[in-house]
Amino acid sequence: MKVSWNWLCELLDIPSGLTPQTVAARLSVSGVAVDAIHPIGKGLHGAIVAEVRGKRPHPKADKLTLVDVFDGHEVTQVVCGAPNVPSPTEPGKSPRVVWARPGATLPSGLTLSPKEVRGILSPGMLCAEDELGLSEDHAGILILQPSDGIAVGDDFAQAAGLPDWVLELDITPNRPDLLGHIGVAREIAALFRHEGVTWKTSAVDVATLRGSQARTEKPVISLEDPSGCPRYFAHRLSGVTVGPSPLFYRLRLQRLGVRALSNVVDATNLALLLYGHPLHAFDFAKLDGHKIVVRRAHAGEKLQTLDGQERELQPSDLLIADASKGVAVAGVMGGQTSEVSYTTTEVLLECAYFAPASIRPTARRLKLHTEASHRFERGTDPNGLAVVADACAALIVKLAGGYLSSEPTDVYPHKIPTHTLTLRPERTWAILGLQIPAQAQKECLEALGLPVRSEGTNLLVEIPTHRPDLTREIDLIEEVARIYGIHNIPTTLPKLAMTASQPLHQGMTRYRNADRARQLCASLGLLEVMQFSMTSPERVRTGEGKSSPTQPLPIDNPLREELSVLRTKLLPGLVELLRQNLAHGLADVRLFEVGEVFLPSGQQLPTEKTHVAAVLYGHRDHFLKPTSSDALDFYDVKGLVEQLVSGLGLSLLWQKPEQPSASSVYVRVATSTEAPMLHPGAAAALLSGSSGEVIGTFGELHPDLRASLDLHGAAFAFELEVPEQPRHKPGYVPASRFPAVSRDLSFFVHSETEAAKLLGTMQQSGEPLLRGVTLLEDYRQAGHVEAGKKALLFSLTYRSDERTLTDDEVQKAHQRVIDHLGRAFPLQLRQ
Amino acid sequence: MNQSDSHAGELARLFDESLSRYQAALAEAKDEPALRVVHARFVGKEGEIRKRLADALKAAPGPEKRAVGQAGNTVLQKAEELFAERLRELHELKRQAELAKKLDVTMPGRPHKLGGLHLLTQVRLELEGIFAELGFQVATGPQVETDFHNFEALAMPKDHPARDMQDTFYLRSAPGQDPLVLRTHTSPVQIRTMLAQKPPVRIISPGKVYRKDDDPTHSPMFQQIEGLCVDEGITMADLKGTLLYFVKRFFGADVGLRLRPSFFPFTEPSAEVDIECIFCKGSGCRTCKGSGYIEILGCGMVDPEVFRHVGYDSERYSGFAFGTGIERMAMLRYGINDLRLFFAGDARFTEQFR
């Protein structure tokens, strides 16, 4: 909302010491944020209005014109470069321009002096709007007409109401009363009540608007929907002459962001900007049956609005109609058929109160956010209509002539009363933590124009209908806080009254585990990134595989296709980030993300899980130049997953446990359905030891995907679910005091036999002295190892917690393990 | 010269001869194992010197045995000393050789690269820590929310103009169901928490939120952190004190704040909070647009309407709530001017904040 400082000064007596900046600063800390202050025409001195008496081309320049201007005393030739120099007509009726004579100064700081332009001396210049500090417009010079009411020779700044300041206010949705100059003036009067700001009185005498002509009939209003439109007030004006408004008003509208159209329409807009209440002028002659019907639209009823669009309405839309058709979408926008035009002589001036709930759904559905709908949907003052309508009628008469040709029609079946709220001063203390005396509270509310009386210790506050936001005691407490000044509130800390049994909030285990996963990944040398939760359907397909039944959750109103669904996996986005980072010239990239994924659940809310995922590319940490043995491989990503999993409190088993075991996981080969982004020969799945469900996959990126991303070398990735259960906290086990003994075990076995099966079988051999098995070698060199076989070397550790083992005991235990393994797999022991 | 003298002389000669060969052999030995071999050859159980001594003792008549033994012990002692001396010498040589090593210590080290947490994660953890000092527990909630939790219960009924303040992403929901939205703020966590427990409530809820906006200062996804404190006797002064504590802990002890009354549907009175500009110390600069203040968060006293929705008695309990953007905190702290950098996944950005 833009506010003119000069206009405020027409409403208020503001002591000269209070500058627009001072007032803006106070408004800002009192609930009315001032986003900007723009000077208008500041620094403009000495430019006058002059009449064009003649023009001819500059002899040496096609684009320059020599203009004869008359300042009331004499005619002077000025050189002008604008393309729109008007042609003179007869003296007194000729167009006028703004002439900055030598000695005049412009808002840019330039002081004019006579200057030769292509060989011809020009005493000053004719000005465009930007040069006058009115706007950014430099398309041509500003042209005035005699009808603008500015005499030749007059000082332009004074006539145009300059200088002025425009304050850009950010009005919160609860304060529709501040959407007009009067409301802002009311606020300033309250805030500066101790600094001598007072109201100027100005009342419209309607009687003077009636003129002496014959009386006509009152406008006929048929109010069929008093809930949507509780009050409809209309003036009828006759004998108006529609034309442009005088410059002063056109400029005022312009600087407040409203386009000047014609004197009648401009008058309604000026009244809107003054009172914050929208009005609409109809061409009375074009209203069929000379009547107004306020009703709901018929299904499918069509109306051409002022913006030239055809609108299809529905029965929930409130419509202003005449005897046969709709003429305006009530409170939103007028219709074209009854628009005021230059031929209009009789006007029906609508000043109605529309209920907020009847405006907003229509405005939203039609995507028509207008000055009118903005105010009606926030709430206007039903009891201020007559004042607003009278003032607007007075302005029409002033700008367009004419007179009120009948009594107004005021349909107001059920008067909306003011109401009274009780404020307990001690309640203010309890909310604010500041003991503002009751008398001071009363004074704050009265400063805002709210009548207050005392009843016992309580304050009874009468709420005028222009403050629809004040409906509860707390609303009054806020007003007291604002006007008293919230900087006066002290600072204390809330007393800590937490009970010891305060529960851990829902979802916190997953949240803590997610942070744990972040710390672990960072410790393992990965860099964290964060991506949007929204992604493209294509990326979801990449992550889920073509045959997956998983459907991502679609966003109804996405910003764009690439952000139109919620992600189901992190990895598709991460591989894209990998590509981008490599494109930036990085050689070794290791990124991870911990974030939410979203899956349809069949419940009201979708399932949200937290995943941890990473992509790896390039080499391990290497010294100086990397060698081929520094290149990352599958076992790097596996090693990271192993560390991450154990850091998350999950124990990694070599194979599926015989009994379901919570907080344990195991690995097997992943199918291409489970890991569509991974190389089928280097893809592993991580499974829950309790449910047997796949909770993650890891491996090498699929060559096809790699090719589509234009990656030259192998890339590796993992994506796991962050556990939802609390991290397993193992009890302390003291280290054994007795030494451990190692024995090697070396054998040939079928090359397809999985290491994990052998390790798992040994571990689960039931041998009580066996404490650990480590794979030391996987050897398959042709010539040394038979084709289809591999030679494996394990180291087995034996220990007792009760005694030092003898060689004999160790040997027997070792043999028992070998026998157990040999029963499960055909082994060929090596010597 | 009698016979015994000649025996003794012969023995001494033998010992001397052994010792001199022993000494030469010790000098030949270049490391400890070789040295020990020499030692064993001469002085060990089967060693030459011991053998000669044993032979001499055997040959010596009874009365002379004692003298022979003494002479032998002297020789053995001498042999051990020579061994120990040579061992020390070898150790010293080895040490010297080791110390002769000289590296170019200015060469780059073998890298053990640090990973790193995203700057926003670091800032979030820091904020959680600050509020933990004041007794605020972390609480979280779903990011896909019902219209009820995101709007209705926060005093923003359908078709309320305040909904214009937040451009909302809607999800497709089944007909007749409460519409689903990507939460526009973390405030629904307040509702879920209050619906689940009675006062006292003191929570801080960080998390991702979504608005239909995309430019250098608006991202369709960003993170908020919100606080809620409800109990008997909670005042706006407590709110101010809590915020002041936070501002001084996060931005510095010399940074002050001011509250400006504002409007949020779910708090009343409501305020925007400004801190003194940390770039110009309040004298006015481009970042603060000359005002000397920077807006950092919104806050207020919980609106009675919100309490009504969660079944709290607003006459008995009062409370405050506040919320800010984690990105905004990070941008101010680290002088980052484009919000989109946080979500671009550029390692060169992330690496700077390890």
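Here the structure is a predicted model, which means the values were calculated and not measured. (Residues numbered from 1 in each chain as written. Chains lettered and ligands numbered in written order. Predicted model: local features only at pLDDT ≥ 70, side-chain atom pairs only at ≥ 80, totals over all residues. Heavy atoms only, no water.)

This brings us to the overall build of chain B. Secondary structure summary: chain B contains eleven helices and ten strands in total. For chain B, whose C-alpha radius of gyration is 43 Å, the value lies well above the compact-globule estimate of 20 Å for 354 residues. Overall, the C-alpha framework of chain B stretches about 135 × 45 × 45 Å when taken along its three principal axes. Taken across its 354 residues, chain B has 53% of its residues classed as buried. Contacts in chain B between residues at least 24 apart in sequence constitute 65% of all its contacts with a sequence separation of at least 6. Approximately 16,300 Å² of chain B is accessible, and the part contributed by carbon and sulfur atoms is 52%. (Helix = DSSP H or I, 4+ residues; strand = E, 2+ residues; numbered from the N terminus. Rg over C-alpha atoms; globule rule 2.2 N^0.38 Å. Buried < 20%, exposed > 50% of the residue type's maximum accessible area, 1.4 Å probe, protein only. Contact = heavy atoms within 4.5 Å. Areas by Shrake-Rupley, 256 points an atom, 1.4 Å probe, with all protein chains shown as cover.)

All right, on to the state of the cysteines then. Residues and elements named next belong to chain B. Summed over the entire model, instances satisfying the criterion amount to zero disulfides over all chains. Note on Cys280: no disulfide assigned, nearest cysteine sulfur contributed by Cys277 at a separation of 3.5 Å. Summary of cysteine pairing: Cys285 is not part of a disulfide, and the nearest cysteine sulfur, belonging to Cys277, is at 3.6 Å. The class of Cys285 is partly exposed, set by a relative accessible area of 23%. (Disulfide = S-S within 2.5 Å.)

Domain annotation for chain A reports domain 1 (2-41 + 165-199), domain 2 (45-162), domain 3 (206-411), domain 4 (426-488), domain 5 (508-721) and domain 6 (741-829). Taking only C-alpha atoms, the centre of domain 4 of chain A and the centre of domain 6 of chain A are 85 Å apart. (Domains from an automatic or database assignment.)

Here we come to the pairing of strand β41 (residues 789-798) of chain A. Residue and element names in this part refer to chain A. For β41, the tally of buried residues reaches eight of ten residues, placing the bulk of the element in the interior. Both strand β39 (residues 741-750) and β41 contribute to a ladder of ten bridges, which runs antiparallel. What sits directly across from Asp744, in β41, is Ser795. (Pairing = 2+ DSSP bridges.)

Attention shifts here to the sheet that holds strand β2 (residues 144-146) of chain B. On the basis of which strands lie adjacent, the open sheet formed by three strands has the order β2-β4-β3 (chain B) and antiparallel pairing. Of all the strands in the sheet, just β2 and β3 (170-171) of chain B have a single pairing partner and so form its edges.

Once that is clear, we can look at the interface of chain B and chain A. The interface of chain B with chain A comprises 102 residues on the first partner and 91 residues on the second. Across the interface of chain B and chain A, roughly 8,000 Å² is buried in total on both sides, 57% from carbon and sulfur atoms. If you look at where chain B meets chain A, you find eight salt bridges. One salt bridge connects Arg512 of chain A with Glu128 of chain B, and the closest N-O pair in it is separated by 3.5 Å. (Buried area = accessible area lost by both parts, 1.4 Å probe. Salt bridge = Lys/Arg side-chain N within 4 Å of Asp/Glu carboxyl O.)

Turning our attention to helix α7 (residues 356-365) of chain A. Residues and elements named next belong to chain A. Residues of α7 that are buried include every one of Ser358, Ile359, Arg360, Thr362 and Ala363, and no others. Buried residues along α7 sit in contact with β17 (291-296), β20 (318-321), β21 (326-329) and α8 (371-376). A positive backbone phi angle near 50° is found at Lys367, which sits one or two residues after α7.

Attention now goes to the environment of Glu310 of chain A. All names here are of chain A. When you line up the elements, Glu310 lands in strand β19 (residues 310-312). When the C-alpha positions of Glu310 and Gln336 are compared, they lie 9.9 Å apart, and in sequence the two are 26 residues distant. If we skip the residues at most four places from it in the chain, Glu310 touches Lys302, Leu303 and Gln304.

Bringing the packing of helix α18 (residues 755-763) of chain A against helix α19 (residues 807-824) of chain A into the picture now. Residue and element names in this part refer to chain A. Relative to each other, α18 and α19 sit at 135°, their axes nearing to 9 Å. Taken as axis vectors, α18 and α19 run oblique relative to one another. The hand of the α18/α19 crossing is right-handed. Contacts from Leu758, Thr761 and Met762 of α18 reach α19 at Val817, His820, Leu821 and Ala824. When its residues are assigned to classes, the contact of α18 with α19 shows five nonpolar, two polar and no charged. (Axes fitted to C-alpha atoms, helices over the stretch in contact; angles between N-to-C directions. Parallel < 35°, antiparallel > 145°, perpendicular 65-115°, else oblique. Left-handed = near helix turned anticlockwise from the far one by under 90°. Nonpolar A, V, L, I, M, F, W, Y, C, P; charged D, E, K, R; others polar.)

Here we take up the side chain of Ser270 of chain B. Here Ser270 of chain B is to be found in strand β8 (residues 267-276). From its side chain, Ser270 of chain B meets the backbone oxygen of Thr267 of chain B in a polar contact 2.7 Å long. If sequence neighbours within four positions are ignored, Ser270 of chain B has contacts with Glu478 of chain A together with Arg260, Pro261, Ser262, Phe263, Phe264, Cys299 and Gly300 of chain B. (Polar contact = N/O pair within 3.5 Å; in protein donor to acceptor, adjacent residues only side chain to side chain.)

The gaps of empty space that remain are located by a probe, the size of a water molecule, rolled over the atoms. Overall, the coordinates contain four cavities of 30 Å³ or more when judged by the stated rule. Put simply, the largest cavity is a space of about 310 Å³. Every residue lining the largest cavity is counted, 23 residues in all, and those nearest its centre are Tyr511 and Glu596 of chain A together with Thr140, Gln143 and Gly207 of chain B. Contributing elements (two or more residues each) for the lining of the largest cavity: α13 (508-523), β32 (589-599) and β33 (607-617) of chain A together with α5 (119-133) and β5 (201-210) of chain B. Considering only residue class, the lining of the largest cavity consists of six nonpolar, eight polar and nine charged. Taken together, Gly31, Thr172, Asn174, Arg175, Glu478, Glu479 and Arg482 of chain A together with Pro261, Ser262 and Phe263 of chain B form the lining of the second largest cavity. (1 Å grid on protein atoms, 1.4 Å probe; cavity = no way out; pocket = protein on both sides within 12 Å on 5 of 7 lines; lining within 4 Å. Points joined across faces, edges and corners; volume = space filled by probe spheres on them.)

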